[in-house]
Each structure stands twice: as C-alpha cells, then as structure tokens.
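Reading the structure
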Amino acid sequence: MAVNARRLEGKVALVTGAAQGIGRAIAMRLAAEGARVGVADIAAETAAQTANEISQSGPGSAVAVYLDVTRLSSAVDAVTQVEREVGPINILVNNAGWDKVEPFVESESETWDKVIAVNYRGLIHCCKAVVPLMRQRGAGKIVSISSDAGRVGSSGEAVYAGCKGAVIAFSKTLARELARDNINVNVVCPGPTETALLRNAMAGREKLLEAMKRSVPMRRLGQPDDIAGAVAFFASADADYVTGQVLSVSGGLTMVG
Ligand SMILES: NC(=O)c1ccc[n+]([C@@H]2O[C@H](COP(=O)([O-])OP(=O)(O)OC[C@H]3O[C@@H](n4cnc5c(N)ncnc54)[C@H](O)[C@@H]3O)[C@@H](O)[C@H]2O)c1
C-alpha cells in the first residue's frame, strides 16, 4: 500500500504499545500520512526515542506518553495528556500486547492474569477512556490489533488466543453500538511478524520458526510495516463505510470464510 502523505492530515491518533515493533511501525505510518500521534507505552524511554524519530521524519509529529494499559486510571491519564498536548483524539489504535508461549497445562494463573490484563482488559480500558470523547464529537476510528491466533487458535498460546478472540467479539459489539455515532471499529489480525514478541516466543525453537515460514503461502514472515498499511486504511476516511470487520495480514496463512 503506497503512503498517502495527506490522508490523515489534521488527525490525532493514540497508538498503544507504540515504542517498538508493530505499534512503532503503525505510529510511523500514521504520521507519514500526516497524523499527529501519541506514542503510548510503559517503556517510556523507547517511546520517547520513537516519538523523536517520527517528529524528525514528518510530515506528521509525535509525543511520547506513559501508558500502562492494564490500569484504567493510566488510560484516562494518557488520553487526557494527548488531548491537552496534541488535540482531540480522532484515532485509537489498541496495539499493546504480551504473550508467553507454553503448553496450557504447564501455564500458571499469574501468567493468565498478565496475558488477560494486557491483551484484553487493556483494550477495554483504552476504549472506556476514549469512546465517550469520540461520541461527544460524533466521529472516530478505533482499530484493534488481534491475531490470527484469535481466529484459528495457536498451540502454546491458549489464553492469549482466547484474549485475541475476545478482542474480535468485543470490537464487533462496539462497532454495532457505535455505528450511529459515526465511530468505526475494526480489527487487524497479524500472522507471525518479525518483532521482539515473536523472537522471544521462538527463542530455542528455530526449526519451528522455519516450519512456520514454509506454511505461509507467501513463504515469509510478516514485517511490522505490512501491518501498518492495513491499520492506516481502517484509520482513514477510505474506511468510512467499513465497521465491525476483521482483516488478516498474514501472507495468506489464514483464510477465514
Ligand atoms: N509479532 C507477532 O508475530 C504478532 C502476531 C499476531 C499479533 N501480534 C500482536 O501485535 C501487537 C504488537 O506486538 P509486537 O509483536 O509488536 O510486540 P512487541 O513486544 O515488539 O511490542 C509490544 C509493545 O507493547 C508494549 N506494552 C506491553 N505491555 C504494555 C502495557 N501494559 N501497557 C502499554 N504498553 C505495553 C511494550 O512495551 C512494547 O513496546 C500485540 O497486540 C500482539 O499481540 C503480534
């Protein structure tokens, strides 16, 4: 997808988990299309570096914002800061995620709690903080990053896949509730994508990673930029008549009817 340098001109976006990986690529892409972006993350230092790089590249700009999506009060504070320093939020991208790959029977409740807190409750908190403001203004775009694991399951990721399935069901419900408020809610599902999350999950499992690549019809892993283009589309006026939809960006790995 070609970058359209003016498509998001005048828009303000909040991207969670934007310090690195897919979130970073999304924040960069939205700014490359003209948006002013809140780079929100628990990793404050890395978020500041990413925001600086974005502002230097233009044409959009960025500010770093501390956000721990597991706490509603942190989501409210981050939203308040972006609205004060950047402007009314037009676009929310729920991207922050975390996973630990292990067989379900060996997993412990502390791990489930963290996976659910980051991947599912995190999205609920950010929507709760932003939706009332979008509603007052009668417009908004919400794009949430799920996973192909949430559509078809994934060995070693039972609770994570459950959360990602929940992201899809929650988003479809919100899409129905908010359609008449002119707020679009859509979901992007990456397949295996080269980031720290995948590297950590696959450490010591190089053969499995090779097999994963071979199972992708396009025979390569995703790159963060592959995901960012799909998010930019859903965030733009090109998607004004699209809501409650789920798009896999996975080189053809998952084809759901
Ligand atoms: N990489 C993949 O193969 C893949 C596949 C499918 C879906 N995804 C999803 O894509 C999204 C981005 O993943 P990634 O691969 O870029 O991961 P990553 O680990 O590279 O980046 C995740 C970012 O989220 C931030 N984060 C973690 N916990 C947070 C919290 N409590 N509050 C705020 N920020 C927090 C981290 O600091 C980090 O900057 C996630 O939702 C992930 O589940 C990734």
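Small disclaimer: the values here were computed from a predicted structure and weren't measured.

Here the focus is the overall build of the protein chain. Regarding its fold elements, the protein chain presents 9 helices and 7 strands. For the protein chain, whose C-alpha radius of gyration is 17 Å, the value lies close to the compact-globule estimate of 18 Å for 257 residues. Its C-alpha atoms give the protein chain principal-axis dimensions of roughly 45 × 40 × 35 Å. Out of the 257 residues belonging to the protein chain, those deemed buried represent 46%. Long-range contacts, defined here as pairs at least 24 residues apart, represent 73% of the contacts in the protein chain between residues at least 6 apart.

Helical geometry: 3.6 residues make up each α-helical turn, so side chains three or four residues apart lie on a common side. Helix length check: helix α1 (residues 21-32) (12 residues) gives 17 Å between terminal C-alpha atoms against 16 Å at 1.5 Å per residue, within 8%. When you tally the buried positions in α1, you get 12 out of 12 residues, the bulk of the element. Buried within α1 we find G21, I22, G23, R24, A25, I26, A27, M28, R29, L30, A31 and A32. Two residues or fewer after α1 comes G34, characterised by a positive phi angle close to 105°.

In the neighbourhood of the ligand, 28 residues make up the surrounding shell, with G17, G21, G97, T195 and L197 lying closest. Those elements that place two or more of their residues in the shell around the ligand are α1 and α7 (196-202).

Bringing the packing of α1 against helix α2 (residues 44-57) into the picture now. Running from N to C, α1 and α2 cross one another at 25°; their axes reach a closest spacing of 10 Å. The orientation of α1 with respect to α2, classified from their angle, is roughly parallel. The two elements α1 and α2 cross, and the hand of that crossing is right-handed. Every residue of α2 that contacts α1 at R24, A27, M28, A31 and A32 is listed here: T50, I54 and S57.

Now for the sheet that holds strand β1 (residues 12-16). The strand order β3-β2-β1-β4-β5-β6-β7 describes an open sheet built from 7 strands, whose pairing is parallel. Each edge of the sheet is formed by a strand with only one pairing partner; in this case those strands are β3 (61-66) and β7 (246-249). Strand-to-strand twist in this sheet, taken as the mean axis angle between neighbours without regard to direction, amounts to 20°. Docked against the sheet, α1 engages β1, β2 (36-41), β3, β4 (91-94), β5 (140-145) and β6 (183-190), running at close to 170° with respect to β1. Along the sheet, helix α4 (residues 109-137) makes contact with β1, β4, β5 and β6, crossing β4 at roughly 175°.

Next up on the list: the environment of A230. Relative to the assigned elements, A230 resides in helix α9 (residues 224-235). Expressed as a C-alpha distance, the spacing of A230 and S73, which sit 157 residues apart in the sequence, is 30 Å. Excluding residues that lie within four positions of it along the chain, A230 makes contacts with V188, L247 and V249.

Looking now at the packing of helix α3 (residues 72-85) against α4. Across the interface, α3 lies against α4 with an axial gap of 8 Å and an inter-helix angle of 40°. It follows that α3 is oblique to α4 by the angle criterion. Here α3 runs over α4; the crossing is right-handed. When α3 is examined against α4, the residues L72, A75, V76 and V79 are found in contact with a partner set consisting of H125, C126, K128, A129 and V130. Counted by class, the contact of α3 with α4 contains 7 nonpolar, 1 polar and 1 charged residues.

Now for the nonpolar core. Among soluble globular proteins, nonpolar side chains are generally buried collectively. Residues V15, I26, A27, L30, V39 and V231 are the most contacted members of the largest nonpolar core, which totals 70 residues. When residues in this core are grouped by element, the largest group, 9 residues, is from α4.

Of the residues in the protein chain, 100% reach a pLDDT of 70 or more, and the chain-wide mean stands at 96. Least confident of the elements in the protein chain is α7, whose mean pLDDT is 90; most confident is β4, at 99.

Definitions and cut-offs
Residues numbered from 1 in each chain as written. Predicted model: local features only at pLDDT ≥ 70, side-chain atom pairs only at ≥ 80, totals over all residues. Helix = DSSP H or I, 4+ residues; strand = E, 2+ residues; numbered from the N terminus. Rg over C-alpha atoms; globule rule 2.2 N^0.38 Å. Buried ≥ 20, exposed ≤ 12 C-beta atoms within 10 Å, placed from the backbone. Contact = placed C-beta atoms within 7 Å. Expected span 1.5 Å × (residues − 1). Near = placed C-beta within 6 Å. Axes fitted to C-alpha atoms, helices over the stretch in contact; angles between N-to-C directions. Parallel < 35°, antiparallel > 145°, perpendicular 65-115°, else oblique. Left-handed = near helix turned anticlockwise from the far one by under 90°. Pairing = 2+ DSSP bridges. Nonpolar A, V, L, I, M, F, W, Y, C, P; charged D, E, K, R; others polar. Core = buried A, V, L, I, M, F, W, Y, C linked by C-beta atoms within 7 Å. pLDDT = per-residue confidence, 0-100.

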